[in-house]
Amino acid sequence: MGDSPSLDDLARRLAALEHEVADLRRTVKGTPRPAAESKPVRSAAPVVSRAAPTLPPRRSEAPARHPSRVPPTRRPAPPPRRPPLTVADFFSAQSLAWMGGAVTLLGIVFFFVLAVNRGWIGPVARVSLGAIASALVFGGGLYLHGRYGRVHSAYAAVGAGLAGGYATLLAATVGYGLVPNWAALLVAAAIAAVAVSTALAWSSELIAGLGLIGATLAPAAVGLQNGELTAAGTGFAALVFAGTAIVAIERKWQVLLLVGVAASLPQAAVLVGQARPAGAGDVAVAAVFWLLFLAAAVGLQRRLGSPGLAPLPVGLILVSASFAGAAVAAQFAGSAEGWTLVAVAAVYGAVSLPLFAGTRSRDLSALLATVGLAVLAFGVADLLSGPALAIAWAAEAAVLSWLARRVGELRYQLASFAYLAAALAHALALDAPLRQLYVPDAHPAAGALSFVGVAAAGAIVAWFCRPWPASRRIRGFLAPLWPALEGFRKEQRLWRSASGWTAALAALYAASLAVLALAQWSSGASVERAFEWGQVGVAGLWGLATVAVLETGLRRSWREVRAAGLVWLGATLVQAVLFFPAHLSGRPQALAFIVVAAALLVGSLADRLRRRDAGVFPAIAVYTVSSLGLAVAAAALLVTTELLAGLALLALSALYCAVAGTVFRRDRDLATVLWAPALFVALVAFALALSGVWLVLGWSVTATALAAVASRVPEPRLEPAAIGYALLATAHVLTLDAPPSDFFEATRHPESGVPAVLLAMCAAAGLVLLARSRRRPADPDRADAMLERREPTVERSGIGVATILALYAVSLSILGLAEAVGTGTVADRFHAGHAAVSAVWGLLGLVALYAGLRRRLGWLQAVGFGLFAVSLAKIFLFDLAFLSSVARALSFLAVGAVLLLGGFFVQRLGAQQRPARPA
């Protein structure tokens, strides 16, 4: 009976506790508290005799009153927010327990410090007391856990005991030298074993960390005594880290693994960096650490089981590779370093192979393979040098592009581009820089094999650039890289073009260097002269390659190939304009110009005749005109006299005009681009090769020929050229061959310029015939309609110029005849000749007027009246002022008589032509 009140009280407390637990569960689940349970029920009966409270039925299990009504959906409860920290949180059971453990540990440390400072006890006693205190604290924690379960005080006590044990071991080994190094490592291992077993039993990451990390740091603490780390001590740290990795991976304790790496990695780094070269033991320990880091990364990622990569495994893989590379660089040199890096890369590749088969480990396999390839690149770089290295990297690019298709892994193709870029960069920067193509050198082909390898690898990589199926999205730590990888997958056509043109340009560059080397080998001249002749061969090689690329693009209708051919044609032109004049001289320069000119002409014709593209035509026009310009420059370099230069230019002009004639029916615009500059070159050629009347003959014949061709083809665009030649011939006649001074000043042979005047007259007459033959209605839709509308103006102008030149030729002939048959001085004969000229002008006017009246041609009558007016002007302005009295009188008499006859004819014949007036 005495125990019943206490039992009742215990029952009430248990009931209240059950209600509190139920309230907490409802709060977490978000369900309201039933009204019947709003207050705890006090009962005097023992708790064991009470029936379990009946929970209200769930809504889903209750019978539905309205089956047709759809039950409302509940919104998921928002995740519970962590309440803000308060002052009470710092004085919770957990906080107090861990603060107590820390204070206890500090008390042990302070006790040691106080005992040392006061000299109370000796080293052995100090170590013994520290060990006993640590053991007591650790045992107390075990007791609390066994007696009361998971209480925070137990964890804190065990943690403090483990830390105190390591502190005591450190003091005994480093401070007092009571424990040898090997024994200290064994004791540390024992403490770590106790800590791990306790941590696994209690599932406590913190206790495992205290035990394992302390044991990992023990060799470093022992090494402080000797001033350096030993292979044995660091090997012990590697074994402890292995245990740490196993426990961390098994329990997914990533923080423990991270702290273990942070505690062991500096020791391994210090060990391999202490001396060079290190012993076999040091190298073995470094290799063990590297493999442990790699295995820990792979094991943790596999244990997590997610397809995406976690941050810690990725970081461990990169740390392992960096540590391996640094260790190899610190301990090896030369070929040994290279072979060791190749072995390290092989390990990464071997680990990645079995992981590739699994879907969840595909990203991990790709990461390992990428790291291995990067290490392999450095290893090959150490083993090889010069072209061999570039060729090796290019070969790896080709193999990776094939492997990517073989196994269906896009990331291997990305790695192949990285290797190809590395090979190209090495070849351009070290093996065969671009300056070898433009600077004379005794061995210009040195390093050209690198570009051969790049060309072969680029072609293989381009061959395997084909569309990929949709790739699996990358998850995890590397998820931000997925958009870039997806963009790379979708742009296979772009990457094929990039790798293909890289291969083509590399092959062309290697061939160019080979041509320069062949010129150096076959020529007995100096290095500089052989280089110049080699540049001629390079120009020919580039021209052939460009024409071949253009032809391929046009035949296959490949726009990209055609565009590349046109661009490279422009590059060839730029090199000819900027490089050849500054670095070549004499015949090599001239031949190089001819080669490039031929390439430009053939390429332009091939492209334009195969496909007429208005957008490309400006470039074609520039290339065509430039080809003629380079040919003219070559002719100027090859010939030494003006006559030969003129003949050479005439030959070039004839060639381009002949080509224009062959393409006129197919492409009128291209024909115009060909003959227009060619006619200008012919103009200059005539001036160089001929002079005097022969030059007028050449220009006049050309004008007449152009007029005839323009009338026969027909081609109105030739008319301005014909008019230009005719005007130049006339201008030359009037300024040099038969200037007006020959007509107004007394000379012995004023008739000397008559042949030139007659030639210019023939050119003007040819224009008249051209204008008359092309009389037809103008088509406003044609581009040359304006020229057709100007044909009457051209005809009238031609008639006027021809008439004036004919009259001028007749006048000079009369003056010459007077000088030849007359008597007296030159002046007397000149005056008599001018009197005859005035009479002839009047007589010609009379004939023209009479013929116009008889034929009823108004324009011919106008010519007659015009000649009368000119005759009158002459006798009053010139004859009256400059001729002698006799000559002046004869001029006035002759012109007056002609005018009288003209008046008579106008009156008689004009009256007959006028109709009779009505009566």
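This text follows the structure it describes.
The sections below set out a description of the structure shown in this document. (Residues numbered from 1 in each chain as written. Predicted model: local features only at pLDDT ≥ 70, side-chain atom pairs only at ≥ 80, totals over all residues. Heavy atoms only, no water.)

## So, the overall build of the chain
Move 1: Along the backbone of the chain there are 34 helices and zero strands.
Move 2: Looking at the chain as a whole, 41% of its 919 residues qualify as buried.
Move 3: Within the chain, contacts between residues separated by at least 24 positions form 71% of all contacts whose residues are at least 6 apart in sequence.
Move 4: Summed over all atoms, the accessible surface of the chain reaches about 48000 Å², with 68% contributed by carbon and sulfur. (Helix = DSSP H or I, 4+ residues; strand = E, 2+ residues; numbered from the N terminus. Buried < 20%, exposed > 50% of the residue type's maximum accessible area, 1.4 Å probe, protein only. Contact = heavy atoms within 4.5 Å. Areas by Shrake-Rupley, 256 points an atom, 1.4 Å probe, with all protein chains shown as cover.)

## Some details on the pattern of salt bridges
Move 1: Scanning the model with the defined rule gives ten salt bridges in all.
Move 2: Of the charged contacts, one joins Arg529 and Glu532 as a salt bridge, the two residues approaching to 2.7 Å between their closest N and O atoms. With Arg529 and Glu532 both in helix α19 (residues 527-556), this residue pair falls three residues apart, about one helical turn.
Move 3: By relative accessible area, Arg529 is classed as partly exposed at 30%.
Move 4: Two residues, Arg668 and Glu715, come together in a salt bridge whose shortest N-O distance is 2.8 Å. Of this pair, Arg668 sits in helix α25 (residues 668-689) while Glu715 sits in the loop between α26 (692-712) and α27 (718-737), and the two are 47 residues apart along the sequence.
Move 5: One salt-bridge network, held together by shared partners, links Glu551, Arg555 and Arg610. (Salt bridge = Lys/Arg side-chain N within 4 Å of Asp/Glu carboxyl O.)

## Side note on a nonpolar patch on the surface
Move 1: A cluster of nonpolar residues, Leu872, Phe876, Leu877 and Leu880, forms a patch on the protein surface that exposes about 390 Å² of accessible area.
Move 2: Among the structural elements, Phe876 can be located in helix α33 (residues 858-882). (Patch = residues over 30% accessible without salt bridge, like charges linked within 9 Å, V, L, I, M, F, W, Y side chains within 5 Å.)

## A look at the packing of α19 against helix α22 (residues 586-610)
Move 1: Packing of α19 against α22 brings their axes to within 9 Å, and their N-to-C directions diverge by 5 degrees. As the angle between them shows, α19 and α22 are arranged roughly parallel. The residues of α22 that touch α19, namely those facing Arg529, Glu532, Trp533, Val536, Ala539, Gly540, Gly543, Val547, Leu550, Glu551, Leu554 and Arg555, are Arg587, Pro588, Leu591, Ala592, Val595, Val596, Ala599, Val602, Gly603, Ala606, Asp607 and Arg610.
Move 2: Of the residues belonging to the contact of α19 with α22, the class tally is 14 nonpolar, three polar and seven charged. (Axes fitted to C-alpha atoms, helices over the stretch in contact; angles between N-to-C directions. Parallel < 35°, antiparallel > 145°, perpendicular 65-115°, else oblique. Nonpolar A, V, L, I, M, F, W, Y, C, P; charged D, E, K, R; others polar.)

## Structural notes on unusual backbone geometry
Move 1: The backbone phi angle of Ser557 is positive, close to 60 degrees, even though this residue is not glycine.
Move 2: In this structure, Ser557 sits in the loop between α19 and α20 (559-578).
Move 3: The phi torsion at Arg856 lies on the positive side, around 60 degrees, for a residue other than glycine.

## So, the side chain of Ser499
Move 1: On the secondary structure map, Ser499 appears in helix α18 (residues 492-522).
Move 2: Side-chain polar atoms of Ser499 contact the backbone oxygen of Arg496, separated by 3.2 Å.
Move 3: Leaving out residues up to four positions away in the same chain, Ser499 has contacts with Phe417, Leu420, Gly458, Val461, Ala462 and Cys465. (Polar contact = N/O pair within 3.5 Å; in protein donor to acceptor, adjacent residues only side chain to side chain.)

## Quick notes on the packing of aromatic side chains
Move 1: Taken as a whole and judged by the stated rule, the model has 21 aromatic pairs.
Move 2: Ring centres of Phe451 and Tyr509 lie 4.7 Å apart, and the angle between their planes is 75 degrees; this geometry places the pair in the edge-to-face category. With a gap of 58 residues between them, Phe451 in helix α16 (residues 448-463) and Tyr509 in helix α18 connect regions that are remote in the sequence. Like Tyr509, Phe451 is buried.
Move 3: Between Phe580 and Phe593 the ring centres are 6.3 Å apart and the planes differ by 55 degrees, which places this aromatic pair in the tilted class. With Phe580 in helix α21 (residues 580-583) and Phe593 in helix α22, the pair connects residues that are 13 residues apart, well separated along the chain.
Move 4: Arg405 extends its terminal NZ or CZ atom over the ring of Trp468, reaching a point 4.0 Å from the ring centre. (Phe/Tyr/Trp six-rings, centres within 6.5 Å; stacked < 30°, edge-to-face > 60°. Lys NZ or Arg CZ within 6 Å of the ring centre and 35° of its normal.)

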